[in-house]
Amino acid sequence: MKKIIAVIFLSFILSFLMSSYTLAASFDCNKASTNHEKMICNDPTLNALDETMGRIYKQVAALDSSLIEEQREFNKKYRECWDLGGCRALVMNRNITLHKKLNELGTQVRISNIIIDATDGEACLELSHKILPGLKGREDYIELEEAKTGSSDYSDYPVAMTFSDEKWCLTGLRPGHHYKASLRPLDANFLGGQSYKYKGSAVVKFKIPGLPSKLQFHQESAYVLPATQQPIVPINATNVDKLFIRLYRASPEQVQEEMEHGSFLKRVNKRSYYQTVESTYQFIGGQSIDLNIKKNKVTNINLDLTNVLAGQKPGVFYVAAKKGEDFKGDDYGYYSTSIVYQKIIYTDIGLTSYQSKSGLDIYARSYRDASPRARVNVQLIAK
């Protein structure tokens, strides 16, 4: 019984070793077809030497492409070798040569990954090696180029960077543009006592995506618009060719209700617009506006409300701006992301409050000339 168990155990060990040799060569021994390939797979020593040669060769070839032709010449001699001892010596000497070559070239520093942030115009290069902390002048090790418009050619682009030990972030890049970043040859001061170099492989091409189409009003809450001057409301537009605006007016009762509920100075959101403004406030009018702005750049636009506010008395208004045509189509509704909102206090009176011993003093002045206004009815709605 013990002999049977020993035989089974020995068979298991031998099969394990043979399977290891099968996987160890620089090629798949399961697909070995020639006598030379079968010789390599059947001899554990030659098998291991062959696997080591393949691994080192890949590292060296990535650093020096001129080695490819040299390896081809070696492979011709290798395939003509039929003496097992001679083949072992041949591969062993080749491995020594490759090791020396790898030490001369150093270890390759690669750009292992790139993370792009279009909004901030940033591309972060993750490097394969940790860089010496506090190393100055890192910008000198990066060459950055930008593709010329309508051409495959590149021109130099100024390098601006932030960095950590293993991540270098190129900043100030322009959305919608193509770039090429290259690591220049690195010296011993780069990573410490050992010299690290590359041979043209540490180059990456990438594109900063264009910015999304977007509208955004400047004010989070109510915007005070003096009735004594041209009614201009600022808005930021990005990649928008045309917009449509709608104007609504709130009644004094609706304004008072908002004040009592503490929502008057809060930002207008989708819920308040669709459930309150659009359904219950007075619709004044709409206007289509064509924009002529640069692509992939946030541009400040002054919305001129002269036409839609014509003949309107001072009061509280709501303006809704939508990319494209009038408020219709698939992108219109509660879940639309193409509409933005702004509350406007359209007034010819400016109020200034002062806390005094007698209480709260309110001064009303004209927006036209800052002169005091008499007989102004001021009512405290909430506090």
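Residues numbered from 1 in each chain as written. Predicted model: local features only at pLDDT ≥ 70, side-chain atom pairs only at ≥ 80, totals over all residues. Heavy atoms only, no water.

**Q** What is the right way to read the overall build of the chain from this model?
**A** Secondary structure summary: the chain contains nine helices and 18 strands in total. A total of 383 residues make up the chain; the buried ones form 37% of that total. (Helix = DSSP H or I, 4+ residues; strand = E, 2+ residues; numbered from the N terminus. Buried < 20%, exposed > 50% of the residue type's maximum accessible area, 1.4 Å probe, protein only.)

**Q** What am I meant to see in the sheet that holds strand 9 (residues 214-217) here?
**A** The strands that make up a sheet are held in pairs by hydrogen bonds between backbone atoms, and each pair lies either parallel or antiparallel. Strands sit in the order 9-11-14 across an open sheet of three strands; the sheet is antiparallel. Among the strands making up the open sheet, the edge pair consists of strand 9 and strand 14 (299-304). Shown here is a sheet whose adjacent strand axes are inclined to one another by a mean of 35°, direction ignored. Here strand 11 (residues 232-238) pairs with strand 14 via six bridges, running antiparallel. By the bridge assignment, P234 is partnered in strand 14 with N302. (Pairing = 2+ DSSP bridges. Axes fitted to C-alpha atoms, helices over the stretch in contact; angles between N-to-C directions.)

**Q** Would you explain the layout of surface pockets in this entry?
**A** It is a probe the size of a water molecule, rolled over the atoms, that shows where empty space is left. By volume, the second largest pocket amounts to about 350 Å³. Secondary-structure elements contributing two or more residues to the lining of the second largest pocket are strand 9 and strand 16 (339-347). Top contributing element to the lining of the second largest pocket by residue count: strand 16, with five residues. Split into classes, the residues belonging to the lining of the second largest pocket amount to seven nonpolar, eight polar and seven charged. (1 Å grid on protein atoms, 1.4 Å probe; cavity = no way out; pocket = protein on both sides within 12 Å on 5 of 7 lines; lining within 4 Å. Points joined across faces, edges and corners; volume = space filled by probe spheres on them. Nonpolar A, V, L, I, M, F, W, Y, C, P; charged D, E, K, R; others polar.)

**Q** Could you clarify how one ought to interpret the state of the cysteines in this entry?
**A** One way to say it: the disulfide is the covalent bond shared by the sulfur atoms of two cysteines. In total, this model carries three disulfides according to the counting rule given. Two residues, C29 and C41, share a disulfide whose sulfurs are 2.0 Å apart. Across the disulfide from C29 to C41, rotation about the S-S bond amounts to roughly -90°, and the bridge is consequently left-handed. Separated by 12 residues along the polypeptide, C29 in the loop between helix 1 (2-24) and helix 2 (35-42) and C41 in helix 2 bring together distant segments of the chain. (Disulfide = S-S within 2.5 Å.)

**Q** Can you help me understand the sheet that holds strand 3 (residues 142-147) in this one?
**A** Ordered in space as 4-3-7-8, the four strands form an open sheet in which the pairing is antiparallel. The open sheet has two edge strands, strand 4 (154-156) and strand 8 (203-207), and neither has a second partner. Within the sheet, the average angular offset between the axes of one strand and its neighbour, ignoring direction, is 30°. Pairing analysis gives five bridges linking strand 3 to strand 7 (residues 178-183), with the strands arranged antiparallel. Each bridged residue has a counterpart across the sheet, and for L144 the counterpart in strand 7 is A181.

**Q** Teacher, can you tell me more about the pattern of salt bridges here?
**A** If the charged atoms of two oppositely charged side chains come close together, the side chains can form a pair. Under the defined criterion, the tally for this structure stands at 10 salt bridges. E69 serves as the salt-bridge partner of R72, at 3.3 Å between the closest nitrogen and oxygen. On the criterion of helical spacing, the pair formed by R72 and E69 is a turn pair, its members being three residues apart in helix 4 (residues 67-79). Of the charged contacts, one joins E70 and R94 as a salt bridge, the two residues approaching to 2.8 Å between their closest N and O atoms. Here the residue E70 occupies a position in helix 4, and R94 occupies one in helix 5 (residues 84-105), the gap between them amounting to 24 residues. Relative accessible area serves as the criterion here: at 39%, E70 is assigned to the partly exposed category. (Salt bridge = Lys/Arg side-chain N within 4 Å of Asp/Glu carboxyl O.)

**Q** How should I be thinking about the packing of aromatic side chains in this particular structure?
**A** The description of an aromatic ring pair rests on the distance of the ring centres and on the angle between the ring planes. Scanning the entire structure with this criterion turns up seven aromatic pairs. Taking 5.4 Å as the distance between ring centres and 55° as the angle between the ring planes, the aromatic pair formed by Y248 and F283 counts as tilted. In this pair, Y248 is assigned in strand 12 (residues 242-250) and F283 in strand 13 (residues 282-290), connecting sequence segments 35 residues apart. For Y248, a relative accessible area of 2% puts it in the buried group. Its relative accessible area of 46% is what places F283 among the partly exposed residues. Seen from their ring centres, Y281 and Y318 are 5.2 Å apart, and the 65° between their planes marks the pair as edge-to-face. One end of the pair, Y281, is in the loop between helix 8 (270-280) and strand 13; the other, Y318, is in strand 15 (residues 315-323), and 37 residues separate them in sequence. Linked through ring pairs, Y157, Y179 and F206 together constitute an aromatic cluster. Sitting above the plane of the F74 ring, R94 keeps its charged end 5.4 Å from the centroid. A cation over an aromatic ring shows up here: K180 above the ring of Y154, its NZ or CZ 4.9 Å from the ring centre. (Phe/Tyr/Trp six-rings, centres within 6.5 Å; stacked < 30°, edge-to-face > 60°. Lys NZ or Arg CZ within 6 Å of the ring centre and 35° of its normal.)

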